[in-house]
Amino acid sequence: MADDQQHGGAAPRAQVDLLRQRMGEAIIGQRDVVERLLIGVLANGNLLVEGLPGLAKTRAIKALAKNLDCDFSRIQFTPDLLPSDVTGTEVYHQGSEGAEFRFEPGPIFANIVLADEINRAPAKVQAALLEAMEERQVTVAGTTHRMPPLFMVMATQNPVEQEGTYPLPEAQMDRFLMHVLIDYPPVEDEVEVIRLVRGEEIAAQGRGGATAPPAPIPQQAIFEARVEIGQIHVAPAMERYMADLVNATRHREGYGDDLKRWIEIGASPRASLALDKCGRTHAWLQGRDYVDPEDVRAIAADVLRHRLTLSYESQGEGISADDVVAELLAQVALP
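Residues numbered from 1 in each chain as written. Predicted model: local features only at pLDDT ≥ 70, side-chain atom pairs only at ≥ 80, totals over all residues. Heavy atoms only, no water.

What about the packing of helix α13 (residues 293-304) against helix α15 (residues 321-331)?
Packing of α13 against α15 brings their axes to within 9 Å, and their N-to-C directions diverge by 140°. It follows that α13 is oblique to α15 by the angle criterion. Between α13 and α15 the crossing geometry is right-handed. Along the contact surface, α13 presents Arg-297, Ala-300, Ala-301 and Leu-304, while α15 presents Asp-322, Val-325, Leu-328 and Leu-329. Taken together, the residues of the contact of α13 with α15 break down into 6 nonpolar, no polar and 2 charged. (Axes fitted to C-alpha atoms, helices over the stretch in contact; angles between N-to-C directions. Helix = DSSP H or I, 4+ residues; strand = E, 2+ residues; numbered from the N terminus. Parallel < 35°, antiparallel > 145°, perpendicular 65-115°, else oblique. Left-handed = near helix turned anticlockwise from the far one by under 90°. Contact = heavy atoms within 4.5 Å. Nonpolar A, V, L, I, M, F, W, Y, C, P; charged D, E, K, R; others polar.)

Details of the confidence of the model for the chain
When pLDDT is averaged along the chain, the result is 87; 94% of the residues meet or exceed 70. Residue range residues 1-9 is modelled with pLDDT below 50. Its contacts to residues more than four positions away, or to other chains, number 12 contacts. (pLDDT = per-residue confidence, 0-100.)

Focus: the pairing of strand β5 (residues 112-116)
In regular strands, side chains alternate between the two faces of the sheet. Counting buried residues along β5, 5 of its 5 residues qualify, which places the element largely inside the surrounding structure. Burial along β5 is two-sided: the residues Ile-112, Leu-114 and Asp-116 and Val-113 and Ala-115 are all buried. Where strand β2 (residues 72-76) and β5 come together, 5 bridges link them in parallel fashion. What sits directly across from Ser-73, in β5, is Val-113. (Buried < 20%, exposed > 50% of the residue type's maximum accessible area, 1.4 Å probe, protein only. Pairing = 2+ DSSP bridges.)

Overview of the pattern of salt bridges
In total, this model carries 22 salt bridges according to the counting rule given. Residues Arg-20 and Asp-17 are paired through a salt bridge, measuring 3.4 Å at the closest nitrogen-oxygen approach. Pair noted here: Arg-20 and Asp-17 are both in helix α2 (residues 12-26), with a separation of 3 residues, about one helical turn. Since its relative accessible area comes to 23%, Arg-20 is described here as partly exposed. (Salt bridge = Lys/Arg side-chain N within 4 Å of Asp/Glu carboxyl O.)

Thoughts on the state of the cysteines
Overall, the coordinates contain 0 disulfides when judged by the stated rule. The closest cysteine sulfur to the non-disulfide-bonded Cys-70 is located on Cys-278, 20 Å from its own sulfur. Taking relative accessible area as the criterion, Cys-70 reaches 17% and is therefore assigned buried. (Disulfide = S-S within 2.5 Å.)

Brief notes about the side chain of His-179
Residue placement: His-179 occurs in strand β9 (residues 178-181). Among the residues examined, His-179 registers a relative accessible area of 7% and is labelled buried. Excluding residues that lie within four positions of it along the chain, His-179 makes contacts with Leu-48, Glu-50, Asp-302, Arg-305 and His-306.

Some words on the sheet that holds β2
Strand order in the open sheet formed by 5 strands is β2-β5-β8-β1-β9, with parallel pairing between adjacent strands. Across the chains shown, the open sheet's two edge strands, defined by having one partner strand only, are β2 and β9. Mean inter-strand twist for the sheet, computed between neighbouring axes without regard to direction, equals 20°. Here strand β1 (residues 47-50) pairs with β9 via 4 bridges, running parallel. Looking at β9, one finds that Val-49 is bridged to Val-180.

Set out below in structure tokens:
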């Protein structure tokens, strides 16, 4: 395809659209996940992805890393993992010119980092990600090491199996830009998944006439897209709408009786910042140069579901965070 051969000089929107297309070809039935991954990398944020085993969580992040010119690393979180296994450590080297300690970077020093089953490691290991995620740097033995300009952590967790796990504390959950839920694909898409994987197995055995993979999308496309996203217009009324949504989770008077019963602790100011970032990125992906209410409503659940502490009463009634966000969107007036 000529576009594939020449995309190095294409506009960032065309390159990101090509990246989305390639990811969609590798991940059948998870279009929302593809879009949320793109929003995460374009908005320079980190994602927490939750879903049952086998729903393409790992495949999704690998598809992004494969089609983007970047370094990818995977950290399998286990109960015996140490913080230095994530960040790296000082190693003693004996050479011809003498002995010295050298920093050996850990797997966190990559462009795209998959933290698989993050809730299977104890708190001290989870905390090792905090500085890297928030400050984009790691401090080891008093020396600060910067992360690369393109850096995103995608952490996964299983929502069902809780034995032997360590739930993420609220302070760490808040540092994720979005909390993405993955559900089962429709049956039609599952048929396509069967065909896709079968074709990949045939190609891997050298019987499918496989062609060379196309050139990956350059990182510069992401940086140029971020510049354009930074110029997306946000009207004062839209800014107030985002702030009102978050404020309604804290001061629930006047927004119906249900929100007062369901929410124990509201969202932090990080929620407002995330709504702004994700709303502008969503608008850019839709080809618009301004944010409208639908952009905010489209990503509100992903931004807010992990930032709300629900009351015991709501949990007893079987009310989920998504139910609360839906009621929130219904109660807060549109601009």
